[in-house]
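Summary of structural features
One-letter residues, chain by chain:
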Amino acid sequence: MPRLLCLATALAAASPLHAETKVGTWSENANAAWWREHDTPAKWAVEAKSIHRQLLAIQERLGPGRVLANNNFIGWVRHLKWLTLYPDDEAGHPFFKDPRSRRTFIALAQKPAIRDAFLGALSPYDNHGKALEIICSIFRDQAAAAFQFSNLAIAISVVFDQPFPAGWPHHFVPPEAVPRGTETPAQRFAWLIKSQRAGALLYDPSRFSISNLRFLVDTPVPLRELAYAQQVKIRNPKHLNDLFKTIRYDMPRLQARRYLWPHGDYELFSIGQKGGLCVDQAYFTAHTAKAKGVPCIIFLGQGNSGEHAWMGYMAGYGRWLFDLAKFRNEDYPVGQAFDPQTWRRLTDSECDFLNSRSAADPDFIRARDALAWAELNPGADFYLACLSEARRRAPNYIWAWEQEAAHLEDSGADPAVRVRFWNDWIRTFHKQQDLRFRGEKRLLALLEEAGETTEYNRLLREMIAGNRNKRFDLVIGVAAEKVFAHVQNKRWELAHQTYRGAMSKLAHKGGGHLFYQLVQPYVQSCLEEGRNAQATDA
């Protein structure tokens, strides 16, 4: 029996007679017909349960590999995911109690390209309900512009679904000094569209992917701050480097070791007038870039002379450069930045993906669908199979890997299963140094836990040798892990021996990474335990 016919038979057989919705062929016409018949949240809740039961029955008969490869099944999964995002208590919801908001939700459901782009952009770390509220608010209040600039609307929804961290934008300014605007995400969207139509932007945001637009909209400052930045004269993104240098470097402040911003409110005008350190120069330049429609990322890194800030920016449509104001003779192994969607560390591998990964790649789309089906069934026995299918389809799809790692950890999976998983991780990311190291570090912990001393030492030697030249920060991380494993278990003599051994090998090149990752926390641990002699020696 042909594959599609077999699945169609399974779909029909799985559909209970009492169900109003019969899960079968999926199409835009079927979608539109469904929404004509089901226009209230009460119906949606009942139908979602029925649809889910039928999909589970199909899953039971055919397995995840076959159903996740079928367009009809995936169409119903996306429909179900959309339904589950709607709040249970519409009447008590501050946004969706407005009938206009419900109508917007229904309208977007019948625009599958936009709906699916939004669902595909959601990460496991997003507040999915809040993101839905934001995108509906933008389309409700700015419908014409939102349909034209839908990627921009989606980017705002996945960035503003969670509060910006208290320590944003960096640790060289008191958090209370950073101005934060009260404008809604819909108002921020409207401001950017108005700027585009006035010719104030250097790029057309409708030509950027959602992934790249996250680094355009990722600032909570008042719109008046961005309006001020738009007045800065730069003709194209290449002039951002010159702009960085026009902000006077405050050498007296550096010499006085006044690293925290000392001038009150951290406003762009104040930075322009008073100058600042490199982080202030980067903050000013990055906000000017964003105000003019150029996605931009600020990096902080430890070099030979201490900490420095530099930037990545879009030098053209789809082309990132990551070395604006980066001092090449400082030997920075990597910069630290944050993904504004999840507020997790942005790895250098993920920066590479910004230049290479396409959200329109069919395998990547299928991987996201597999992850969505897993998220809808977190306790199912096929949960891991769905995650495995996601990473089989798109081996570099890090969210699927991370969800599987978390599941294995939380469920207390057999150590042999976890060792196999992390070996698969290492093989998959062998060319992405930071991701490979993350897998090696987890594998190292498992080997120590199992008492596999020989294998532990072999892997440790490989990690140090493989990272010694370009990524000495990773080598320091390995050394610190080993020291603090002894500290945690109160093996103080071994901890100190390991610490001194690490210092003898790394002190000549470690710089700030060595201080912040090993020296400072080790000395503090010694002092907290009253081991003053070891602290002094360290």
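Think of each chain on its own: its residues are numbered from 1, step by step along the sequence as written. Per-residue local features of the predicted model are confined to residues with pLDDT of at least 70, and side-chain atom pairs are confined, for both listing and counting, to 80 or more; whole-chain, interface and lining totals are unaffected and use all residues. Hydrogens and water are ignored here; the side-chain numbers use all heavy atoms of the structure.

1. A short note on the nonpolar core
Leu-55, Trp-82, Phe-118, Leu-152, Phe-189 and Trp-373 are the most contacted members of the largest nonpolar core, which totals 148 residues. The residues touching Leu-152, leaving out its near neighbours within four places in the chain, are Phe-189, Leu-192, Ile-193, Leu-213, Leu-216 and Val-217. Remark: nonpolar core denotes a set of buried residues (Ala, Val, Leu, Ile, Met, Phe, Trp, Tyr, Cys) joined through side-chain atoms within 4.5 Å. To sort residues, take the accessible area from a 1.4 Å probe on protein chains only and compare it with the maximum for the residue type: under 20% means buried, over 50% means exposed, and anything in between is partly exposed. Ile-476, Ala-495, Leu-518 and Val-523 belong to the second largest nonpolar core, which has 17 residues in total. By the convention used here, residues are in contact when the closest approach between their heavy atoms is within 4.5 Å.

2. Remarks on the packing of helix H13 (residues 223-230) against helix H17 (residues 278-291)
Axis separation between H13 and H17 bottoms out at 8 Å; the angle between their running directions is 90°. Relative to H17, the element H13 is oriented roughly perpendicular. Residue-level contacts link Leu-226, Tyr-228, Ala-229 and Gln-230 of H13 to Phe-284, His-287, Thr-288 and Ala-291 of H17. Classification convention: Asp, Glu, Lys, Arg as charged; Ala, Val, Leu, Ile, Met, Phe, Trp, Tyr, Cys, Pro as nonpolar; all other residues, Gly among them, as polar. Classifying every residue of the contact of H13 with H17 by side-chain character gives 5 nonpolar, 3 polar and no charged. Each axis is a line fitted through C-alpha atoms, and for a helix only the stretch in contact is used; angles between axes span 0 to 180 degrees, taken between their N-to-C directions. Note on conventions: DSSP H or I runs of at least 4 residues are helices, E runs of at least 2 residues are strands, and numbering of each starts at the N terminus. Just so you know how the angles are binned, under 35 degrees is roughly parallel, over 145 roughly antiparallel, 65 to 115 roughly perpendicular, and the rest oblique.

3. Overview of the packing of aromatic side chains
A pair of Phe, Tyr and Trp rings is counted when the ring centres sit within 6.5 Å of each other, with Trp represented by its six-membered ring. The angle between the planes then sorts it: under 30 degrees is stacked, over 60 is edge-to-face, the rest tilted. Inspection of every chain in the model, using the stated rule, returns 38 aromatic pairs. Taking the centre distance of 5.2 Å and the plane angle of 45° together, the rings of Trp-44 and Phe-105 count as tilted. Remark: Phe-105 occurs in helix H6 (residues 99-109) and Trp-44 occurs in helix H3 (residues 41-62); sequence separation between them is 61 residues. Trp-44 gets classed as buried once you look at its relative accessible area, which sits at 3%. For the pair Trp-401 and Trp-425, a centre-to-centre distance of 5.8 Å together with 80° between the ring planes defines the contact as edge-to-face. Taken together, the residues span a long stretch of sequence, with Trp-401 in helix H21 (residues 398-410) and Trp-425 in helix H22 (residues 415-428) at a distance of 24 residues. Here Trp-401 and Trp-425 have matching classes, each one buried. Lysine NZ or arginine CZ positioned within 6 Å of the ring centre and within 35 degrees of the ring normal marks a charge as sitting over the ring. Lying across the ring of Tyr-125, Arg-344 places its NZ or CZ 4.1 Å from the centre.

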